[in-house]
Structure formats: C-alpha cells, structure tokens
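# A look at the structure
Chain by chain, the residues:
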Amino acid sequence: MLDPKAIRSQFPLLLREISGEPIVYLDSAATSQKPDAVLEAMMNVYRTSNANAHRGMHPLAEEATQQYEKARATVQKFLNAKYAEEIVFTKSCTEAINLVAHTVSQQDHIVLSLLEHHSNIIPWMQRDAHIHWTNLSDLEEILRTHTISLVAITGQSNVLGIRPPIEEIIQLSHAAGAKVLVDAAQLVAHHPIHVQKLDCDFLTFSSHKLYGPTGIGVLYAKRECLEEMSPMLGGGGMVYSIAEQSFTPLGIPEKFEAGTPPVADAIGLATAIDWLAHYDWKDIEEYEQHLLRHAEEVLTTIPGLTILNLQPHSAKAPRGDLQPQSGCISFTLAAVHPHDLTEILGRQGICLRAGHHCAQPIHKHLGIAASTRLSVGIYNTIEEINLLPSAIEHAQHVLATT
Amino acid sequence: MDIYAENILDHYRNPRNRSPLSPQERIGKDRPEDHQFMQYTENNPACGDEITVGLDIQNTHVCTISWDGTGCAISQAAMSMLSEQFTGKSVEDIENFSTEDMLALLGVNLGPRRLKCALLGLDALKKAMKSHGAADED
Ligand SMILES: Cc1ncc(COP(=O)(O)O)c(C=O)c1O
C-alpha cells in the first residue's frame, strides 16, 4: 500500500496555502508537481556540473555528456525499449509528435481517434495528410477500406480517463500494414509501458506529467523507423560533415537532437523515473483507482452533476460495460459554467481544470462545449476528494439563477 | 473587487434585455422605414461561450438591444450590462466604448484569463455595428 502522507511530504509545493487554505491540487493531468529528489538533482546540475553535452573534452563537458546519455538509458529501461538510440529527447510530447508528423505527406492517410488531444491532431493536419476519425469500434472497417499509413492514438484520454485497447489496435493496424503512434502523455504516470511487448512503432510523452521538469519530452521509435526518418530541426550537434552545398547528418538519435541538449532537464526526468520506481506500479494503480472511484461516488451525489463517458446516455448499460477511468474524470454541472466553477473552487485552494482541455473533438462528440476535470497523482488523498461536494455545492449556490 | 460581486451576479441571475427573439422578430413586419435591424453572433471556441446580439437602430439612435447566449457569469453579466448601457444611446457610443470602459462598467479588474469572457458581448455589438455601416452603403 502507498503511504500518501510520506509521499506528500516530498512535494514542497503541496505545502502552499491559497487564501489561508491548504492547496488541493487536482490538476496533475495538466502537469504534475515535482518531488524534492527531482528539484535537488536539477539544482545540483547547475551548482556542480553544468556544461554542454556532446561538445568539448574538458571534464565538465565529459560529465554532462555521460549524465545526459545515462538519462537516455534510464528512459530506455523505463519504456522497456530494446536500444538506447531508440530514445530521442524532444522539448515535449507535442514536439515528439511533430517530429513524426514531419515525415508524412499529403498522400498519407492517418487514423485519429475522437479522444485525441490537439497535439495529436494539428501536426497531421499541418502536413495536409488525409485524416480518418475513428470512434474505435469502426477502426477495423477503416483499416479495411483505406490504405492507412499510420494510426495515432492516445494511450489514455486526457478528458474521459479511458484507455483505448492499444495492444489490440496495434495488432489490427499492423495486420493492415499501418504503423502505430501511441500518445502516452496521460498514460505514462499511471501505467507501466513496455514498448517491445506493445510492439508500437512510436510512443511519445512529456516529462512534466511524470513528476519531472517541463521542457523535455520523449519520442520512442523503433530503430528502423528512426533510420528512415529525416530530421525536423537542423543545427549543431546533428551533423556528421558539411560539404559546400549539403550536409551528412549523424546517426540516430543525434540527428534528431539539433542544438544544445536539455541536460539538466534530462537528468530531472531520469531522477523522476528513478523516484517513481520506489513505488510498485500495482500499488500506484490501486491507490489511484481508489481515489477516482471515491471521487465518482461523492461527485454523483451532487444534483445536476454528470460524469462524462463515451456512452453518456446509455444509463441502462451495466456499469461493467463502461471502461474504468484512470488518471482523471471530467464532469458537467447543470447551469454552472466550468470557468465559474473552477474560479470559485480556486479561491478555496482547490485546483481543477476547466475548458475543453485541448480536446475539442471529444467535447463536440459529447455535445458539450466545455467540462471540468479532476485528475490525480500519487500524492492526492481521500480527504482532499472529500472537500469537493460541499465546495461544489457552495459554487452552485453562489451562481444559482433561481 | 470580487468578480462574483452582487451587481455581476444580479445581472447573471436576472439578465436584462435577454430574449430569444431579435428586435426584428419582436417588432414584426410593421417596421418603420427608417429603422435598421442588425444581428451578430460571436463565440469563443476556447470556452464555448456564445452571444447573439440584435439591434434596432433608427438613423444612429439605438432603440432596442436584445441578446441571447450561453456562457460563464462574466460573459453573460457583461452583455446584460451593455444592453442597458446602450439602449437609447447612439451607435457612436458603442463604437467608442473601450476595453477599459467595459472593465469600469463591470467594476472589476480582470486578469487575462477572464478578459475575453468580459469582452465577448462588446465584440458582438461592435461587429453587429459593422454590418450597420455596410447596409447603409447599399
Ligand atoms: C493526451 C495528451 N497528448 C499530448 C499532450 C501534449 O503534451 P505537452 O503539452 O506536454 O507537449 C497532452 C498534454 O496535455 C495530453 O494530455
């Protein structure tokens, strides 16, 4: 079992108060807070060993290079990738997806699910690729009737918290000759990932949703995929040699990492991964499920509150038919706009996200413009969840129109 | 001041001049010769707020403003206040109304997050006015 008190005590930000009330941070799907271990590791880089990686022979440069490459190996192990060079460091999950999208063209047919975040939609649109939207149940049909180059799908919805069956989707897609990109931005902090077992071609995530720093993300890609791809950014650190009119890039992964690499951020990410490894995935998942199921229970007692799911109207469906939601749940509240609700909750230190959460297609599909999202990390507690009903009812009271 | 101050909540709870009917629909077929009706719908996809505003204008005089919409307390209250503010005024008064004037009318200081909400109605009004100018030239 996880000890949330012991975990919380490692997060200095969670000690903060807002208007005299302790902060209740329920927005980890937007970005997680960072434990002391990560903060100290990054501070330590700048205090004791800061230098540019892959540039220079002096001892500090050597150390920076070693630490940066060690961070890559940590990510490789974390994702169960076969080779370290299959890990490309990027600025973010968004940049990682763009890096892959950069290699598609107008002729490519791409499948996206209705659950996708704008980061996994816009980059494909920018390439003028032909987009096929799937509600998941029609995926086989789409794969049969079109020549699809790539299926790009989220591992966990950042609105509904549901997890598409990615193993099955990857098998189906491969059978149809399509590659698969898994957007693991939301999945990564809540479920172990084994890219070799999954057999996905690409997988992306951001460090900042995994208890690590902002400013660094990861693209995992099978070695043969990376070797075929052309780099998106050109600059220092990615070139083997330059001729009068052309250049030869370095091999993978360097050819995708132009410019000074984010050394301290990579070390911060590796530290976050090592820190998280102190806890058992089974315990993490059990504890977060416990929090979310409890949240569901207390929220549904509030009149006018509806928790969003893919089948919002099939109240008759047995509970077991709906997939369990992980990481987050989102809801609407009759006659109260999410912005008003979260603004009023925020005054009591309760931080929830409002809006369309960069996922307009799923909101459109559900016939709503915006929702309120509650998301958890391993530092949240049942006591925090229990503050919600009265706080939400207070907001309802303030805004009551009748 | 609190953005959920009583005056804002009052306009949100009891919106003035809110009607699903446009001025044109209200006055019906017998519209006087020198009246112009105009309508504009403005929305903010980022939060799903939407306001449709209708104007009945005689020469440059604003006879009626009616509006309908959905959204947060700020966007709806701001529109309600504007509809009171400009009924009986001139089109120039609307054109000259600034962001600062809007904040002064609301009586609150809004951060960048909520400023868009506060300005949604004013944007709709000003865009409706543009259709006024255009119609004049025909
Ligand atoms: C499902 C999903 N994909 C991609 C992203 C983009 O992540 P980032 O903004 O860190 O690049 C997010 C972040 O909100 C997300 O939730």
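Treat the numbers as computed from the prediction; the structure is a model and nothing was measured.

All names here are of chain A. Along its sequence, chain A is organised into domain 1 (4–30 + 280–400) and domain 2 (39–276). One C-alpha centre belongs to domain 1, the other to domain 2; they are set 29 Å apart. Of the residues lining the interface, 37 residues belong to domain 1; the matching set on domain 2 comes to 28 residues. When domain 1 packs against domain 2, close to 2,600 Å² is buried across both sides, 61% of that on carbon and sulfur atoms. At the junction of domain 1 with domain 2, the criterion picks out 1 salt bridge. Inspection of the region where domain 1 meets domain 2 yields 19 residue pairs in polar contact (both at pLDDT 80 or more). Contributing elements (two or more residues each) for the side of domain 1 that touches domain 2: α11 (281–299), β14 (328–333), α13 (360–366) and β17 (371–375). Class assignment of the residues belonging to the side of domain 1 that touches domain 2 gives a composition of 20 nonpolar, 14 polar and 3 charged.

Low-pLDDT portions of the prediction should not be read for the details of their coordinates. Residue and element names in this part refer to chain B. Residues at a pLDDT of 70 or more form 91% of chain B, whose mean pLDDT is 87. Looking across chain B, the model is least confident in helix α2 (residues 23–27), with a mean pLDDT of 72, and most confident in helix α3 (residues 73–86), with 96. In this model residues 134–138 is a low-confidence stretch, pLDDT under 50, and it forms 2 contacts with partners more than four residues away in sequence or in other chains. In the predicted complex, the global pTM is 0.92; the interface-specific ipTM is 0.81.

Residues and elements named next belong to chain A. Membership of the largest hydrophobic core comes to 131 residues, with the highest contact counts inside it found for Leu 79, Leu 203, Phe 205, Leu 299, Leu 374 and Ile 392. The biggest single contributor to this core is helix α10 (residues 263–276), with 10 residues. Dropping the residues within four chain positions of it, Leu 374 is found in contact with Leu 26, Leu 292, Ala 295, Leu 299, Gly 327, Cys 328, Ile 329, Leu 352, Ile 385 and Leu 388.

This next bit is on the sheet that holds strand β7 (residues 150–154) of chain A. Residue and element names in this part refer to chain A. Strand order across the open sheet formed by 7 strands is β4-β10-β9-β8-β7-β5-β6, with mixed pairing between neighbours. Looking along the sheet, the strands with just one partner apiece sit at the ends: β4 (87–90) and β6 (130–134). Averaged over all neighbouring strand pairs, the angle between strand axes comes to 20 degrees, with direction disregarded. For strand β9 (residues 202–206) and strand β10 (residues 217–221), the ladder comprises 5 bridges, and the chain directions are antiparallel.

All names here are of chain A. Looking at where Leu 250 falls in the secondary structure, it is placed in the loop between β12 (247–249) and α10. With 13 residues separating them in the primary sequence, Leu 250 and Gly 237 have C-alpha atoms 8.2 Å apart. With sequence-adjacent residues up to four places away left out, Leu 250 is seen in contact with Gly 237, Met 238, Val 239, Tyr 240 and Lys 255.

Before going further, it helps to spend a moment on the site of the ligand. Residue and element names in this part refer to chain A. In the vicinity of the ligand, 13 residues are found, and the nearest of them are Thr 94, Asp 183, Ser 206, His 208 and Lys 209. A distance of 3.1 Å separates an oxygen atom of the ligand from a polar side-chain atom of His 117. Here a nitrogen atom of the ligand and a side-chain polar atom of Asp 183 are 2.5 Å apart. Its free accessible area being 390 Å², the ligand has 87% of it covered by the protein chains. Along the lines of polarity and charge, the residues of the shell around the ligand split into 2 nonpolar, 9 polar and 2 charged.

Residue and element names in this part refer to chain A. A cis amide bond, omega 0 degrees, links Ile 252 with the succeeding residue Pro 253. Examined against the element boundaries, Pro 253 turns out to sit in the loop between β12 and α10. The backbone of Asn 80 sits at a positive phi, close to 55 degrees, despite the residue not being glycine. Take Asn 80: it is sitting in the loop between α3 (59–79) and β4. Take Asn 80: its relative accessible area is 29%, and that puts it in the partly exposed class. If you check the backbone angles, Leu 136 has positive phi at about 80 degrees while not being a glycine. On the basis of relative accessible area, Leu 136 is assigned to the partly exposed category, the value being 22%.

As a further point, take the packing of aromatic side chains. Each aromatic ring pair is described using two quantities: the centre-to-centre distance and the angle formed by the ring planes. Per the counting criterion, the structure on display carries 9 aromatic pairs over all chains. Ring centres 5.0 Å apart and planes at 85 degrees place the aromatic pair Phe86(B) and Phe97(B) in the edge-to-face group. Within this pair, whereas Phe86(B) is found in helix α3, its partner Phe97(B) is found in the loop between α4 (91–95) and α5 (99–106), the two being separated by 11 residues in sequence. Looking at Phe86(B), the relative accessible area reads 2%, which means it is buried. Take Phe97(B): its relative accessible area is 8%, and that puts it in the buried class. A network of ring pairs unites the aromatic residues Phe11(A), Tyr211(A), Trp275(A), Tyr279(A) and Tyr379(A) as a single cluster. Stacked on the ring of Tyr83(A), the Lys or Arg Arg223(A) has its end atom at 3.8 Å from the ring centre.

Thresholds applied
Residues numbered from 1 in each chain as written. Chains lettered and ligands numbered in written order. Predicted model: local features only at pLDDT ≥ 70, side-chain atom pairs only at ≥ 80, totals over all residues. Heavy atoms only, no water. Domains from an automatic or database assignment. Contact = heavy atoms within 4.5 Å. Buried area = accessible area lost by both parts, 1.4 Å probe. Salt bridge = Lys/Arg side-chain N within 4 Å of Asp/Glu carboxyl O. Polar contact = N/O pair within 3.5 Å; in protein donor to acceptor, adjacent residues only side chain to side chain. Helix = DSSP H or I, 4+ residues; strand = E, 2+ residues; numbered from the N terminus. Nonpolar A, V, L, I, M, F, W, Y, C, P; charged D, E, K, R; others polar. pLDDT = per-residue confidence, 0-100. Core = buried A, V, L, I, M, F, W, Y, C linked by side-chain atoms within 4.5 Å. Buried < 20%, exposed > 50% of the residue type's maximum accessible area, 1.4 Å probe, protein only. Pairing = 2+ DSSP bridges. Axes fitted to C-alpha atoms, helices over the stretch in contact; angles between N-to-C directions. Near = heavy atom within 4 Å. Areas by Shrake-Rupley, 256 points an atom, 1.4 Å probe, with all protein chains shown as cover. Phe/Tyr/Trp six-rings, centres within 6.5 Å; stacked < 30°, edge-to-face > 60°. Lys NZ or Arg CZ within 6 Å of the ring centre and 35° of its normal.

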